[in-house]
Amino acid sequence: MSQEAPEKTFTLTNDQTGESMKLPVKDGTIGPSVIDVRKLYAETGHFTFDPSFTATGSCKSRLTYIDGEEGILLHRGYSIEDLAENSTFLEVAHALLYGDLPNAKEKEAFEREITYHTMVHEQVHLFYRGFRRDAHPMSVMCGVVAALSAFYHDSLDIWDPKQRELSAHRLIAKIPTLAAMTYKYSIGQPFMYPRNDLSFSENFLYMCFGVPAEPYRMSPVLADAMDKIFILHADHEQNASTSTVRLAGSSQANPFACIAAGIACLWGPSHGGANQAVLEMLEEIGSKDRIPEFIEKAKDKDDPFRLMGFGHRVYKNFDPRAGVLKKAADDVLNDLGIDDPMLEVAMELERIALEDPYFVERKLFPNVDFYSGIILRAMGFPTSMFTVLFAVARTVGWISQWKEMIEEPSLRIGRPRQLYTGPAARPYVPIEDRD
Ligand code: CMC
């Protein structure tokens, strides 16, 4: 007869009182185990304190696994290198949403379903006209994505699995259309309606760079690189924007509103805004001879400047996504015959930083944004659109994580606590008596 393994525990002792309590330890499939502290406050009157969540597992998830020390990224168990080399973005989207890569029949059905939803309500077109043409594209995206909940009332009931699925499909299908419209609006060109005979990435490039006046010539190398960029950004575990989507969703807000919250969080330069910041930094550096000056600035603790595109909260090794994109950057630049001086600055910066003891000791390797910016610039996207493209890809991860959370029977609203450091209760002083 097999014996059940004893429950693993972690004993916590209060040094002042000598009291101790056993906390359950939970194991995942792979990766670090977690200490379950949910009963800690009730039993000890203490909260845990972890302001930037460097040691906190906020949920259980079956989607994505990262080993930052080894530079490993898996979606549903598949390595990111295998997915980027062999799959399409929509296959990866299927795996994230439903758990497995699709078979041939499922792939066809999923592509048909997503393609069916690529158009946006015609009224949305008018919505754009309210924005200034020089608005940052991410500000427009925050607005138009949140506004989708004002258009698709038939998929807002989060407790109906069919409606959940419909809103997930709509978001994956419509975000590229909205992103391309945002770009077209900023440059004063007409919106291009989606073309459902093209693949997801081909259609996106067509909507961005096609014009009604002439046929659009598709480059297979660019479409392939676009698809790889989308795959590499599809999901990344419980990062800031994904945690934002989950927290917003935990209040039972509708999925369109939750994804808009994720877009707002992604915008910041420490997160999705980094690819734009990389290009701005390379432009500011300008030439190879100025690199040492900027390296010194990055090392100076009294200077807030950081080398954009270097370092990662989780990866303390080469970001596996950066390896794939480094190669894609070479392919795109060769295909387009681009000899970009900024690329020379980028390559020299990478070389120097990888040898400098400051970066080596702190394990600050180039991250995915270091290379994605270079490719997107070569494709013809303005820097202000880079984070929008990240949002197009990450929508798949956000909505898959949201769906996983809503389907969890133990769903409760997220509600962190705090260490209060303000004044203790004090008497109210009438205004005439205040100093
Ligand atoms: N340039 C110079 N020094 C750096 C950098 C950098 N890019 N990144 C980290 N450091 C230093 C930091 O000053 C600290 O030094 P010390 O130990 O002497 O105080 C040490 O390295 C550890 O840094 P940290 O701030 O504790 O690391 P973090 O996990 O809080 O920050 C990060 C991670 C990504 C915000 C940060 O590395 C950074 O600001 N990088 C540049 C922005 C960037 O490329 N972001 C994109 C991240 S990847 C895409 C995504 O996830 O959205």
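Structure report, in brief. (Residues numbered from 1 in each chain as written. Predicted model: local features only at pLDDT ≥ 70, side-chain atom pairs only at ≥ 80, totals over all residues. Heavy atoms only, no water.)

Concerning the layout of surface pockets
So, step 1. For the second largest pocket, the calculated volume is near 320 Å³.
So, step 2. Along its surface, the second largest pocket is lined by 22 residues, and Leu90, Leu198, Ser199, Phe200 and Ser201 are the ones closest to its centre.
So, step 3. Mapped onto the lining of the second largest pocket, the elements with two or more residues apiece are helix 3 (89-98), helix 4 (104-116), helix 7 (161-187), helix 8 (200-209) and helix 9 (220-232).
So, step 4. Here the residues of the lining of the second largest pocket are counted per class, giving 10 nonpolar, 7 polar and 5 charged. (1 Å grid on protein atoms, 1.4 Å probe; cavity = no way out; pocket = protein on both sides within 12 Å on 5 of 7 lines; lining within 4 Å. Points joined across faces, edges and corners; volume = space filled by probe spheres on them. Helix = DSSP H or I, 4+ residues; strand = E, 2+ residues; numbered from the N terminus. Nonpolar A, V, L, I, M, F, W, Y, C, P; charged D, E, K, R; others polar.)

What about the environment of Gln189?
So, step 1. Along the polypeptide, Gln189 turns up in the loop between helix 7 and helix 8.
So, step 2. Along the backbone, Gln189 and Pro212 are 23 residues apart, and their C-alpha atoms lie at a distance of 9.5 Å.
So, step 3. Within the structure, Gln189 has its side chain in polar contact with the side chain of Lys184 (distance 2.6 Å). (Polar contact = N/O pair within 3.5 Å; in protein donor to acceptor, adjacent residues only side chain to side chain.)

Quick word on the nonpolar core
So, step 1. If you look at the biggest cluster of nonpolar residues, it comprises 113 residues, and the most contacted ones within it are Val145, Leu178, Phe204, Met226, Leu307, Leu349 and Phe381.
So, step 2. In terms of residue count, helix 18 (residues 386-406) provides more of this core than any other element does, 13 residues in total.
So, step 3. In contact with Leu307, not counting residues within four places along its chain, are Met281, Ile295, Ala298, Leu349, Ala353 and Phe359. (Core = buried A, V, L, I, M, F, W, Y, C linked by side-chain atoms within 4.5 Å. Buried < 20%, exposed > 50% of the residue type's maximum accessible area, 1.4 Å probe, protein only. Contact = heavy atoms within 4.5 Å.)

Observations concerning the sheet that holds strand 6 (residues 78-79)
So, step 1. In space, the 3 strands of this open sheet follow the order 4-5-6, with antiparallel pairing throughout. Only two strands of the sheet have a single neighbouring strand rather than two, namely strand 4 (64-67) and strand 6.
So, step 2. Where strand 5 (residues 72-75) lies against strand 6, 2 bridges are found, and the strand directions are antiparallel. Looking at the pairing, His75 lines up with Tyr78 of strand 6. (Pairing = 2+ DSSP bridges.)

Regarding empty space enclosed by the protein
So, step 1. Evaluation of the coordinates by the stated rule reveals 4 cavities of 30 Å³ or more.
So, step 2. Reported here for the largest cavity is a volume of approximately 50 Å³.
So, step 3. In this structure, the largest cavity is lined by Met119, Val120, His125, Thr177, Met181, Phe191, Met192, Tyr193 and Pro194.
So, step 4. Broken down by class, the residue content of the lining of the largest cavity amounts to 7 nonpolar, 2 polar and no charged.

Brief notes about helix 18
So, step 1. The end-to-end C-alpha distance of helix 18 is 30 Å, a good match for the 30 Å that 21 residues give at a rise of 1.5 Å each.
So, step 2. Most of helix 18 sits inside the fold, with 21 of its 21 residues counted as buried. (Expected span 1.5 Å × (residues − 1).)

Notes on the site of the ligand
So, step 1. Surveying the vicinity of the ligand reveals 19 residues, the closest of which are His271, Arg306, Leu307, Gly309 and Arg313.
So, step 2. In the environment of the ligand, a nitrogen atom lies 3.0 Å from a nitrogen or oxygen atom belonging to the side chain of Tyr358.
So, step 3. With respect to the ligand, the side chain of Asn367 contributes an N or O atom lying 3.0 Å from an oxygen atom.
So, step 4. Surface burial for the ligand is 75%, taken as the share of its 950 Å² of free accessible area covered by protein chains.
So, step 5. Class assignment for the residues of the shell around the ligand results in 7 nonpolar, 7 polar and 5 charged. (Near = heavy atom within 4 Å. Areas by Shrake-Rupley, 256 points an atom, 1.4 Å probe, with all protein chains shown as cover.)

Some details on the sheet that holds strand 2 (residues 20-26)
So, step 1. Taken in spatial order, the 3 strands make up an open sheet running 1-2-3, and their pairing is antiparallel. Sheet topology places strand 1 (9-13) and strand 3 (34-35) at the edges, where each strand pairs with a single neighbour.

Looking at the packing of aromatic side chains
So, step 1. Tallying each qualifying case throughout the model produces 20 aromatic pairs.
So, step 2. Each ring, one from Tyr41 and one from Phe47, has its centre 4.5 Å from the other, and the planes form 20 degrees; the classification is stacked.
So, step 3. Ring geometry for Phe200 versus Phe230: centroids 5.8 Å apart, planes at 80 degrees, classification edge-to-face. Taken together, the residues span a long stretch of sequence, with Phe200 in helix 8 and Phe230 in helix 9 at a distance of 30 residues.
So, step 4. With a relative accessible area of 11%, Phe200 lands in the buried category.
So, step 5. Each residue in the set Phe89, Tyr183, Phe200, Phe204, Phe209, Phe230 and Phe381 is aromatic and connected to the rest through ring pairs, giving one cluster.
So, step 6. The ring of Tyr185 is capped by Arg133, whose NZ or CZ atom sits 4.1 Å from the centre of that ring.
So, step 7. Between the NZ or CZ atom of Arg195 and the centre of the ring of Tyr206, over which it lies, the distance is 5.1 Å. (Phe/Tyr/Trp six-rings, centres within 6.5 Å; stacked < 30°, edge-to-face > 60°. Lys NZ or Arg CZ within 6 Å of the ring centre and 35° of its normal.)

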